[in-house]
2 protein chains.
Amino acid sequence: MKLSDIGEFGFIESIRKDCLTTLDEVIKGIGDDCAVFRSSGDRVLLLTTDMLVEDIHFVRDTITPHQLGGKAIAVNLSDIAAMGGRPLVALISVAIPAEREIEELQELYRGMKDICGRYRVDIVGGDTVASPDKLVINVSVVGDANEGQVLYRSGARPGDKIYLTGTVGDSSAGLRILRGKISAPGPLRDHFIKAHNEPQPLIETGGIIAQSRLATAMIDLSDGLISDLGHICEESGVGAFLFRDRIPLSSELEKVAGYAGFNPLELALSGGEDYALLATVPEKNAKKFEQVCKENGSWPLFLIGDIQEEGGIRMMTADGSVEKLRPKGFDHFSQP
Amino acid sequence: MKLSDIGEFGFIESIRKDCLTTLDEVIKGIGDDCAVFRSSGDRVLLLTTDMLVEDIHFVRDTITPHQLGGKAIAVNLSDIAAMGGRPLVALISVAIPAEREIEELQELYRGMKDICGRYRVDIVGGDTVASPDKLVINVSVVGDANEGQVLYRSGARPGDKIYLTGTVGDSSAGLRILRGKISAPGPLRDHFIKAHNEPQPLIETGGIIAQSRLATAMIDLSDGLISDLGHICEESGVGAFLFRDRIPLSSELEKVAGYAGFNPLELALSGGEDYALLATVPEKNAKKFEQVCKENGSWPLFLIGDIQEEGGIRMMTADGSVEKLRPKGFDHFSQP
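Remember, predicted model here, so these are calculated numbers, not experimental data. (Residues numbered from 1 in each chain as written. Chains lettered and ligands numbered in written order. Predicted model: local features only at pLDDT ≥ 70, side-chain atom pairs only at ≥ 80, totals over all residues.)

Engineer: Quick question: what am I supposed to make of the sheet that holds strand β11 (residues 302-308) of chain A here?
Structural biologist: Residues and elements named next belong to chain A. Across the sheet, 7 strands lie side by side as β8-β10-β7-β11-β9-β12-β13; this open sheet has mixed pairing. Among the strands making up the open sheet, the edge pair consists of β8 (217-220) and β13 (322-325). When the angles between neighbouring strand axes are averaged without regard to direction, this sheet yields 25°. In this sheet, β11 lies alongside strand β7 (residues 161-164) in antiparallel orientation, the contact comprising 4 bridges. Within the sheet, the bridge partner assigned to L164 lies in β11 and is F302. Sheet strands in contact with helix α6 (residues 203-212) are β8 and β10 (277-281), and its direction is about 10° off that of β10. (Pairing = 2+ DSSP bridges. Helix = DSSP H or I, 4+ residues; strand = E, 2+ residues; numbered from the N terminus. Axes fitted to C-alpha atoms, helices over the stretch in contact; angles between N-to-C directions. Contact = placed C-beta atoms within 7 Å.)

Following this line, the structure appears as structure tokens:
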């Protein structure tokens, strides 16, 4: 059987067994945005890792080396943000084709150092190796958090409100523009390409939500809204109901969808790489939650639906009918 | 300028600047076997990462997937051993060509899980992504240690004795056999291939040496004896003097060198991937050190030379003359 037959998530499921064997200190292993490991007192360590491969995750002529370095770090910091933690140190492994220019590589590392400086993360180690042809970047980040405040994917309960911290779909539109699948006039084009190439990890927002102790679950949107909400539903044993007209779209996305004649909602639901945070909040906490976020500058927030007991994800459309949604997020190994 | 012009170590030197910016908790960043990070009380965390790339670090038809998985973990555990620490958890990223057979990948993970089980390491997370053509494996390991017992590369002082915990050169002979550069009869062939494909991380030995508090510096032999001793000398600001007839060679290596007509010492000095530990010990501690290692089963030990004030590495040959040694260890980017 080939890997492409069972897909990325099927394969992960098949290897997930027997990974934890011995340690009492491990609170959460595979299956969330970060692993969680008891350190001392009520502090826990958060561990996460992400690999970016040339011609799979990025194409060299559509992202600058500085942006690429920044993005490789940002996607890991976003995982720390999704647990409500603070990033501390990073390990960076890079496999490099020997004929690459030093200046390109120094720009790559400059991009990593700039974002690490901005979020007060120290680069403490790594591995620098040769590659036959493609550039491969692996970043591992260690962060920490207060044990009682960590937000897992598994905490959502029926009746919880579903909040998004930002609009969705812009990154995916950027990718389509870079691939020449849609076109947009200059300033709009720049907006979307920036959304795709320079994602911002919402460390501060994640911290505000965790410290509020008002939310029950959180995840960052990397695979796509439906796919990531699906992870929350699966780990929590619940379903979700979304309101179509509440899904937050940027004015830029609505504009370009108008020009180019596509449905912006499709990108918003399945696009991926937005790195907004999705949090679930019990109804009784919702008012207070909105107030805390507003007071701390994490605003606007978007209330997009409810967690329900019945499994699966459904959406109420404009005409009042209900549509069942399936994840169409990115699976590395599935055939298109 | 191309990467191949300045080589791996030149490039690492050029990116090492500005990697540490903010955190008091970071005791050691880039430049040792592991990064060291203060956790709580007198415990420190050890962080290390290694990347293995197909057709650079391994060739598919000369190592089984199970061995490859084991080796990817072992090289990281060896870094933890070289600081005197205990490994705790691992993060595993794998970039996989989509047409690979599931069974091959499951064997790869089985190899990782087996060695992790043996050393009580939990696999707590990772990333599974597609690769256009080559298999790439990145492992990050977090361990811990008693702060006062951690052994850095920088602690060697003139007069210290240099000890090796095992023979050197067998792994390199295995690689040459696998590449068809030398040949050996069946059982010998198996011995060397196993030495190359199934390195054993010396966690217990490293722990015994660290707990003895009798050594001043330690490193694991991954690049080659001269190259790794060179790292100790550079970080400690010292030089070294070796006795040619004290470099420990296995009887198998002497035998195959006889058959195949090569100088076994060359492989022993520059071969790499032996994963023996090299420790430096003040002369006044040497007797006690040997005794402690013997009593705890870390035996034999090989006393191969002295640390000296004068920089560089020299070796006394059989006829009493002194030869200057230069590292010929593996540099990923240098031209041959």
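Engineer: Got a minute to help me understand the interface of chain B and chain A in this structure?
Structural biologist: Many analyses report the size of an interface as the accessible area lost when the parts associate. If you look at the interface, chain B gives 66 residues, while chain A gives 66 residues. At 9 residues, strand β5 (residues 122-130) of chain B tops the list of elements feeding residues into the side of chain B that touches chain A. Of the residues belonging to the side of chain B that touches chain A, the class tally is 34 nonpolar, 19 polar and 13 charged. (Nonpolar A, V, L, I, M, F, W, Y, C, P; charged D, E, K, R; others polar.)

Engineer: Would you mind going over the sheet that holds strand β12 (residues 312-316) of chain B with me for this structure?
Structural biologist: Backbone hydrogen bonds are what pair the strands of a sheet, in a parallel or an antiparallel way. Residue and element names in this part refer to chain B. Strands sit in the order β8-β10-β7-β11-β9-β12-β13 across an open sheet of 7 strands; the sheet is mixed. Looking at strand neighbours, the two that pair on one side only are β8 (217-220) and β13 (322-325), the edges of this open sheet. Taken pair by pair, the neighbouring strands of this sheet meet at an average axis angle of 25°, ignoring direction. Where strand β9 (residues 239-243) meets strand β11 (residues 302-308), 4 bridges bridge the pair, whose relative direction is antiparallel. Looking at β11, one finds that F241 is bridged to D306.

Engineer: Please explain the packing of helix α4 (residues 170-178) of chain B against helix α5 (residues 186-197) of chain B as it appears in this structure.
Structural biologist: Packed helices, taken two at a time, are described by the angle between their axes plus the distance between the axes. Residue and element names in this part refer to chain B. Contact geometry of α4 with α5 gives a least axis separation of 7 Å together with a crossing angle of 110°. Viewed along their axes, α4 and α5 adopt a mutual orientation that is roughly perpendicular. Facing D170, S171, A173, G174, L175, I177 and L178 of α4, the residues of α5 in contact are R189, F192, I193, A195, H196 and N197. The class makeup of the residues in the contact of α4 with α5 is 7 nonpolar, 4 polar and 2 charged. (Parallel < 35°, antiparallel > 145°, perpendicular 65-115°, else oblique.)

Engineer: Explanation requested: the nonpolar core in the structure shown.
Structural biologist: Nonpolar side chains in soluble globular proteins tend to end up buried together. Of all hydrophobic cores here, the largest spans 216 residues; its most connected members are L47(A) and L47(B). Setting aside its immediate chain neighbours within four residues, L47(A) contacts C34(A), A35(A), F37(A), V142(A), V89(B), L91(B), V124(B), G125(B) and V142(B). (Core = buried A, V, L, I, M, F, W, Y, C linked by C-beta atoms within 7 Å. Buried ≥ 20, exposed ≤ 12 C-beta atoms within 10 Å, placed from the backbone.)

Engineer: What exactly am I supposed to notice about unusual backbone geometry here?
Structural biologist: The phi torsion of most residues other than glycine is negative, and most of the peptide bonds are trans. Cis geometry marks the peptide bond from W299(A) to P300(A); its omega dihedral reads 5°. Along the chain, P300(A) falls in the loop between α10 (286-295) and β11. The phi torsion at R213(B) lies on the positive side, around 55°, for a residue other than glycine. On the basis of neighbour counts, which here come to 14 C-beta atoms within 10 Å, the residue R213(B) falls in the partly exposed class.

Engineer: Please clarify how the confidence of the model for chain A should be interpreted in this entry.
Structural biologist: Any region with low pLDDT has predicted coordinates that should not be read closely. Scored by pLDDT, chain A comes out at a mean of 93, with 97% of its residues at no less than 70. With pTM at 0.94, the complex prediction returns an ipTM value of 0.93. (pLDDT = per-residue confidence, 0-100.)

Engineer: Looking at this structure, I do not really get the domain arrangement of chain A. What am I missing?
Structural biologist: All names here are of chain A. Looking at the assigned domains, one finds that chain A contains domain 1 (3-149) and domain 2 (153-325). Centre-to-centre separation of domain 1 and domain 2, based on C-alpha positions: 23 Å. Listed by partner, the interface residues are 22 residues for domain 1 and 23 residues for domain 2. For the side of domain 1 that touches domain 2, the secondary structure elements donating two or more residues are α2 (65-83) and β4 (86-97). In terms of residue count, α2 provides more of the side of domain 1 that touches domain 2 than any other element does, 11 residues in total. (Domains from an automatic or database assignment.)

Engineer: Explain the pairing of β8(B) here, please?
Structural biologist: Residues in a regular strand project their side chains so that they alternate between the two faces of the sheet. Residue and element names in this part refer to chain B. Every second residue of β8 is oriented toward a common face, with A217 and I219 on one face and M218 and D220 on the other, all of them buried. As paired strands, β8 and strand β10 (residues 277-281) are joined by 4 bridges and run antiparallel to one another. What sits directly across from I219, in β10, is L278.

Engineer: Explain the relation of the copies chain B and chain A here, please?
Structural biologist: Each of the two chain copies can be generated from the other by rotation about an axis followed by a shift along it. Least-squares fitting of chain B to chain A yields an RMSD of 0.0 Å, with the transformation described by 0.0 Å of translation along the axis and a rotation of 180°. Here the transformation between the copies is reduced to the relation of a two-fold axis. Using C-alpha coordinates, one finds that chain B approaches the rotation axis most closely at S40(B), a distance of 3.0 Å. Interface overlap between copies: 100% of the residues of chain B at the interface are likewise at the interface in chain A, consistent with a symmetric, same-surface contact. (Least-squares fit on C-alpha atoms with pLDDT ≥ 70 in both.)

Engineer: What am I meant to see in helix α1 (residues 3-16) of chain A here?
Structural biologist: Compared with the 20 Å implied by 1.5 Å per residue over 14 residues, the 15 Å span of α1(A) between its first and last C-alpha is markedly short. A bend of about 75° at F9(A) is the largest found in α1(A). Residues of α1(A) that are buried in the fold lie against β4 (86-96), α3 (102-118) and β5 of chain B. Note on α1(A): the residue one or two positions beyond its end, D18(A), has a positive phi of about 60°. (Expected span 1.5 Å × (residues − 1). Bend = angle between axes of the 7 residues up to and from the residue.)

Engineer: How do you make sense of the packing of helix α2 (residues 65-83) of chain B against α3(B) when you look at a structure like this?
Structural biologist: All names here are of chain B. It is the contact of α2 with α3, at a shortest axis distance of 7 Å, that shows an interaxial angle of 45°. Relative to α3, α2 is oriented oblique. In the crossing of α2 with α3, the sense of the turn from one axis to the other is right-handed. Here P65, H66, Q67, L68, G69, G70, A72, I73 and A74 of α2 come into contact with α3, specifically with E104, E107, L108, Y109, R110, G111, M112, D114, I115 and C116. Along the lines of polarity and charge, the residues of the contact of α2 with α3 split into 10 nonpolar, 5 polar and 4 charged. (Left-handed = near helix turned anticlockwise from the far one by under 90°.)

Engineer: Which parts of the structure should I look at to understand the pairing of strand β5 (residues 122-131) of chain A?
Structural biologist: All names here are of chain A. Along β5, 10 of the 10 residues are buried, which leaves the element largely enclosed by surrounding structure. Relative to β5, β4 runs parallel, the two sharing 9 bridges. The residue bridging A95 from the neighbouring strand is V129, located in β5. The β-α-β motif built from β4, the intervening helix α3 (residues 102-118) and the parallel element β5 has right-handed crossover chirality. (Right-handed = clockwise from strand over helix to strand, strands pointing away.)

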